[in-house]
Amino acid sequence: MSFQSSRSFSSQPLRWGILGTGSIAKTFARGVRDSQTGTLVAVGSRSQESADQFANEFEIPSRHASYEALLADADVEAIYIATPHPLHAQWAVKIAEAGKHILCEKPLTLTHGEAMQVVQAAQNAGVILMEAFMYRCHPQTAKLVELVQSGIIGDVQFIQASFGFRAGFNPNSRLYNNELGGGGILDVGCYAVSMSRLIAGAATGQGFAEPLKVVAQGRVGESGVDEVAAATLSFPGGITAQVSTAVAVNLENTVRIFGTEGQLFVPSPWMCRPTDGAIKIIVSGKENREIVIEADRSLYAYEADIFAQSVAQGSVVAPAMSGADALGNMKALDEWRKAVGVSYPAEKADSNKPVRGELEKQKSAPMIYGQVANLEKSVSRLVMGCDNQTTFAHGAAMWDDFWEQGGNCFDTGYIYGGGTQERLLGQWLKNRGVRDEAVIIGKGAHTPHCNPEALSRQLLETLDRLGVSGLDIYMMHRDNLQIPVGEFVDVLNQHRQAGRIRAFGGSNWSLERVEAANDYAKQHNLQGFSVVSNNFSLARMVDPVWGGCISASDPASRKWLQEHQLALFSWSSQARGFFVRGARDFTADEELVRCWYSDDNFARLERAKELAARKNTSPINIAAAYVLNQLSPIFALIGPRQINETHSSMASLAVTLTPEERVWLNLESDSLES
Ligand SMILES: NC(=O)c1ccc[n+]([C@@H]2O[C@H](COP(=O)([O-])OP(=O)(O)OC[C@H]3O[C@@H](n4cnc5c(N)ncnc54)[C@H](OP(=O)(O)O)[C@@H]3O)[C@@H](O)[C@H]2O)c1
């Protein structure tokens with residue numbers, strides 16, 4: 001949803017509420033008081049006493065004894081979150097859902113998984129979200145970006161950024177307590193990473209850049225948090241950054257940017273103190289220069305003003321930290337912490353919780369459902385592919401979101417990630433207590449283990465990894481034509497009778513073999529295949545994506561599916577990006593060219609574009625709707641890596657196509673659709 005601002009920058013002051021009454025909350029309250037655009041109207045605390053004390057000090061009219069009450073205060077337009085890090089995600093999501101703008105203290109969240117949920121919630125609600133990196137709001141930082149862009153130091157090659165201080169060891173303090181998200185990386189290392197990403201972006205013509213690689217080391221202390229840590233970040237364009245942080249020792253706390261012609265030195269990059277000097281320019285063969293920044297407000301007053309300006313214009317004013325920028329930062333911080341060996345309760349399979357405390361199906365959930373023979377549960381028509389998660393925290397964020405959008409069907413496989421995917425999904429099902437409502441698809445017996453014995457062995461292992469007694473749907477991952485189909489039907493029925501599987505079928509099975517399996521089942525009074533998982537998409541697969549994989553997009557297969565009403569779980573329903581990136585002159589993606597480029601497919605793409613323009617949607621949504629609007633029951637497998645990708649697939653659920661439109665899109669004049 002795009003944000004529509006209802007206020008203009010020069011209108012009434014932005015009405016702030018402050019959530020939490022600790023040390024930075026006071027600093028920010030002073031900032032709002034000194035700002036040109038804000039006014040403090042309310043504060044929320046866990047206690048009335050603390051709220052009153054804070055409100056008295058800053059002359060704030062409304063003082064609430066809970067954060068919920070602050071969110072419900074109709075007088076408040078924007079809320080500043082000033083709690084310890086582990087509370088950021090849940091309150092940011094709730095504030096978004098209360099329809100208020102969010103300025104959230106850094107780090108935006110504990111993990112990239114949580115950050116995806118916050119960014120999506122803000123986008124759904126159409127509110128401004130900014131991570132409170134105050135240095136990004138100061139004119140000194142804007143000047144630094146301008147200098148890098150001007151090329152004054154030539155091509156940027158190396159960046160050094162440090163932020164670290166010595167806080168006496170106290171395992172109960174926010175900085176040293178693992179449960180409160182302690183450690184230098186999240187407390188101030190995040191500044192150094194955000195600065196490197198900003199400068200690498202400025203040097204390569206973008207707002208910010210993402211590291212291709214993060215290599216790191218550090219010392220984890222007795223309370224389980226990083227006390228000293230450093231990382232090397234490799235950026236596109238051959239730029240290297242060295243970042244360092246600490247809570248146990250004072251660091252230099254400066255930024256140096258080295259280019260082919262010289263260097264920029266920033267003595268006070270974070271607090272932007274004019275007394276420390278400003279930006280020093282050292283260019284070979286020229287006299288050193290120093291640029292002094294004219295600042296007329298305090299650092300936090302700038303932050304409040306830039307935020308108000310962002311609200312007025314409907315997007316975060318660069319180089320202040322937008323949601324997209326924050327997501328990249330959180331990802332790099334995840335990698336830095338992982339390398340150093342610091343993790344928090346929110347990342348562990350037994351203590352992670354949904355961002356709202358518990359799973360809540362959203363009122364706006366767009367999901368639609370269908371039925372599969374031999375299975376009582378309804379099945380979501382979009383199926384979450386579980387083959388690409390690397391951590392529990394990330395997987396849980398993705399799956400929570402899918403569940404809250406109404407998704408209940410999850411597809412995984414024995415060979416995915418050497419068992420990691422099945423284990424992660426199993427941990428999530430157990431933690432969230434949704435095993436009974438979920439529809440779990442397991443796949444096994446992939447070539448070269450496609451035989452009844454291997455099928456049985458792998459199935460038992462799959463159930464063990466998932467921690468469940470049975471699968472709702474089991475699919476053979478491949479077929480083996482050397483084995484008579486009846487042998488597979490027999491063994492599948494044995495597992496069904498033992499309660500290990502319910503509905504079953506085959507992935508990448510020819511429809512002839514499926515029909516043979518079902519003839520055999522009928523003759524022997526056994527359960528036959530109720531599902532098949534082949535490719536199905538508007539674009540026809542020209543060359544198989546993987547060896548031995550099969551498509552059912554051709555008219556004969558569509559006719560067969562329609563007649564038999566067998567459920568198809570289609571993979572590559574969106575032709576692996578053909579409807580987003582496909583173009584005759586785009587040949588950089590060799591796989592796209594090999595599998596999908598044909599004159600017919602380009603003609604379908606043109607029609608998808610034309611129809612998308614008429615229906616005010618995107619060609620990819622038209623392509624997905626083509627699949628979901630077939631007359632046979634089709635369930636589309638999706639494989640999003642990020643929450644925003646899940647949501648973009650969800651948009652296709654709202655698109656309906658008439659039979660005539662489907663025939664036209666597919667360049668056919670057949671009677672299949674009648
Ligand atoms: N941008 C900056 O310059 C800057 C500087 C320092 C800190 N920060 C960030 O600001 C956040 C808060 O840091 P801080 O130094 O202000 O922390 P703090 O002094 O400990 O204050 C945190 C406040 O959060 C509330 N809170 C809620 N649950 C809590 C819990 N379980 N334990 C402790 N406090 C809890 C409390 O307010 P109530 O009792 O009123 O609910 C408390 O006063 C952190 O995320 C930190 O990274 C930013």
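Presented here is an overview of the structure given in this document. Here, residues in each chain are numbered from 1, in the same order as that chain's written sequence. Local features are withheld for residues below a pLDDT of 70 in this predicted model, meaning they are given only at 70 or higher, and side-chain atom pairs are given and counted only at 80 or more; totals for whole chains, interfaces and linings count all residues. Side-chain metrics in this entry use all non-hydrogen atoms of the structure; hydrogen atoms and water are not considered.

1. Regarding the overall build of the protein
On a plain count of helices and strands, the protein comes out with 21 helices and 24 strands. Here the radius of gyration uses the C-alpha set of atoms, whereas the globule reference equals 2.2 Å times the residue count to the power 0.38. Computed over the C-alpha atoms, the radius of gyration of the protein is 28 Å, within 12% of the 26 Å expected from 2.2 N^0.38 for a compact globule of 674 residues. Judged by the C-alpha coordinates and their principal axes, the protein covers about 90 × 55 × 50 Å. Buried residues are those whose accessible area, probed at 1.4 Å on protein chains only, stays under 20% of the maximum for their type, while exposed residues exceed 50% and partly exposed ones sit between those limits. Per-residue burial for the protein yields a buried fraction of 58% across its 674 residues. Contacts in the protein between residues at least 24 apart in sequence constitute 72% of all its contacts with a sequence separation of at least 6. Surface accessibility in these figures is a Shrake-Rupley result with a 1.4 Å probe; residues are shielded only by whichever protein chains are displayed. Only carbon and sulfur atoms are counted for the fraction: they give 48% of the accessible area of the protein, which is about 26,700 Å². Counting 60 positive and 73 negative side-chain charges, the protein places the averaged centre of each group 1 Å from the other. Here a strand is any run of E in DSSP of at least two residues, a helix any run of H or I of at least four, and the numbering for each starts at the N terminus. Only heavy atoms enter the contact rule, under which two residues are in contact if any of them lie within 4.5 Å. Charge counting treats Lys and Arg as positive and Asp and Glu as negative, with His and both chain ends excluded. Charge positions are represented by NZ for Lys, CZ for Arg, CG for Asp and CD for Glu.

2. Here's the deal with the site of the ligand
In these notes, residues near a molecule or strand are those with any non-hydrogen atom within 4 Å of it. Within the structure, the ligand sits among 24 residues, and Thr21, Ser45, Tyr67, Lys106 and Tyr300 are positioned closest to it. Contact between the ligand and Ser23: an oxygen atom at 2.9 Å from a main-chain N or O atom of the residue. Under the rule applied, a polar contact is a pair of N or O atoms within 3.5 Å (in protein, one hydrogen donor and one hydrogen acceptor; residues adjacent in sequence only if both atoms are side-chain atoms). Ile24 places a polar main-chain atom, nitrogen or oxygen, 2.9 Å from an oxygen atom of the ligand. Contributions of two or more residues to the shell around the ligand are made by α1 (23-34) and α7 (184-203). Put simply, Ala, Val, Leu, Ile, Met, Phe, Trp, Tyr, Cys and Pro go in the nonpolar bin, Asp, Glu, Lys and Arg in the charged bin, and everything else, Gly too, in the polar bin. Residues of the shell around the ligand, tallied by class, amount to ten nonpolar, nine polar and five charged.

3. Things to note about the side chain of Glu114
Following the sequence through the fold, Glu114 ends up in helix α5 (residues 112-125). One buried charged residue, Glu114, remains without a salt bridge, the closest side chain of opposite sign being Arg337 at 8.3 Å. Beyond its immediate chain neighbours, meaning those up to four positions away, Glu114 contacts Ala89, Thr109 and Ala346. Each salt bridge in this description consists of a side-chain nitrogen of Lys or Arg and a carboxyl oxygen of Asp or Glu lying within 4 Å of one another.

4. Some thoughts on the sheet that holds strand β14 (residues 289-291)
One open sheet accounts for eight strands, arranged β8-β9-β10-β7-β11-β12-β13-β14; its pairing is mixed. Edge positions in the sheet fall to β8 (213-220) and β14, since each has one partner strand and no second. The mean inter-strand angle of the sheet, taken between neighbouring strand axes irrespective of direction, is 10 degrees. Whether two strands pair comes down to DSSP finding at least two bridges between them. Sheet topology note: the strand β7 (residues 156-164)/strand β11 (residues 255-259) ladder contains five bridges and is antiparallel. Bridged to Ala161 within β11 is Val255. Most of the contacts of helix α9 (residues 323-340) go to β8, to which it runs at about 50 degrees, and overall it touches β8, β9 (226-235) and β10 (239-246). Helix axes are fitted to C-alpha atoms over the stretch in contact, other axes to C-alpha atoms as well, and angles between N-to-C directions run from 0 to 180 degrees.

5. Here's the deal with the nonpolar core
Of all hydrophobic cores here, the largest spans 219 residues; its most connected members are Trp16, Trp336, Phe410, Trp428 and Phe569. A per-element tally of this core places α7 first, with twelve residues. Contact partners of Phe410, with chain neighbours within four places excluded, come to Val383, Met384, Cys386, Trp399, Phe402, Trp403, Leu425, Trp428, Ala438, Val439, Ile440 and Ile441. Counting residues in hydrophobic clusters, the runner-up holds six residues, among them Ala167, Tyr176, Val225 and Val247. Remark: nonpolar core denotes a set of buried residues (Ala, Val, Leu, Ile, Met, Phe, Trp, Tyr, Cys) joined through side-chain atoms within 4.5 Å.

6. A word on the pairing of β11
Only one face of β11 is buried: it carries Val255, Ile257 and Gly259, and the other face, with Arg256 and Phe258, is open. Pairing between β11 and strand β12 (residues 262-266): four bridges, direction antiparallel. When the sheet's bridge partners are listed, Ile257 is paired in β12 with Leu264. Where β11 hands over to β12, the hairpin turn is made up of two residues, counted between the paired strands.

7. Description of the pattern of salt bridges
Opposite charge on two side chains permits pairing when their charged atoms draw close. Going through the model one piece at a time under the given rule, you end up with 35 salt bridges. With a shortest N-O distance of 3.6 Å, Asp187 and Lys106 are connected by a salt bridge. Remark: Lys106 occurs in the loop between β5 (101-104) and α5 and Asp187 occurs in helix α7; sequence separation between them is 81 residues. With respect to class, Asp187 is no different from Lys106; both count as buried. Here Glu610 and Arg614 are joined by a salt bridge, their closest N and O atoms 3.5 Å apart. Placement of the pair is Glu610 and Arg614 together in helix α18 (residues 599-615), with a separation of four residues, close to one helical turn. You can call Glu610 partly exposed: its relative accessible area is 42%. Residue classification places Arg614 among the exposed positions, given a relative accessible area of 54%. Among the charged side chains, a salt-bridge network with shared partners connects Arg136, Arg197, Glu210 and Asp325.

8. So, the sheet that holds strand β2 (residues 38-44)
Read across the open sheet, the six strands follow the order β3-β2-β1-β4-β5-β6; overall the sheet is parallel. In this open sheet, the two strands that pair with only one neighbour each are β3 (62-64) and β6 (129-131). Averaged over all neighbouring strand pairs, the angle between strand axes comes to 25 degrees, with direction disregarded. Here strand β1 (residues 14-19) runs beside strand β4 (residues 78-81); their pairing, made up of four bridges, is parallel.

9. Here's the deal with unusual backbone geometry
Cis geometry marks the peptide bond from Lys106 to Pro107, where omega comes out at -15 degrees. For Pro107, the location among the structural elements is in the loop between β5 and α5. Cis peptide bonds are those with omega within 30 degrees of zero, and the linkage from Ala318 to Pro319 qualifies with 5 degrees. One non-glycine residue with positive phi stands out, namely Arg576, at about 50 degrees. Inspection of the secondary structure assignment puts Arg576 in the loop between β23 (567-570) and α16 (578-581). Relative accessible area serves as the criterion here: at 41%, Arg576 is assigned to the partly exposed category.

10. Re the packing of aromatic side chains
For this analysis, a ring pair means two rings from Phe, Tyr or Trp (six-membered ring only for Trp) whose centres lie within 6.5 Å, classed as stacked if their planes differ by under 30 degrees, edge-to-face if by over 60, and tilted for the remaining angles. Applying the stated criterion to the full structure yields 29 aromatic pairs. With a centroid separation of 5.6 Å and 5 degrees between ring planes, the pair formed by Phe163 and Trp270 is classed as stacked. Here Phe163 is found in strand β7, whereas its partner Trp270 is found in the loop between β12 and β13 (279-283), with 107 residues between them in sequence. Plain terms: the ring middles of Trp403 and Phe410 are 6.3 Å apart, the flat faces sit at 15 degrees to each other, and that makes the pair stacked. Across this residue pair, the class does not change: Trp403 and Phe410 are buried. By the ring-pair criterion, three or more aromatic residues cluster together here, those being Phe133, Tyr135, Phe163, Tyr191 and Trp270. Ring-over charges, as used throughout, are those where CZ of Arg or NZ of Lys falls within 6 Å of the ring centre and within 35 degrees of the ring normal. The ring of Trp91 carries the charged tip of Lys94 above its face, separated from the ring centre by 4.4 Å.

11. Points about the pairing of β10
Taken together, the seven bridges between β7 and β10 define a ladder with parallel strand orientation. Pairing of Ile159 across the sheet is with Ala241, part of β10. Direction of pairing for β9 relative to β10: antiparallel, over a ladder of eight bridges. The residue bridging Ala229 from the neighbouring strand is Thr245, located in β10.

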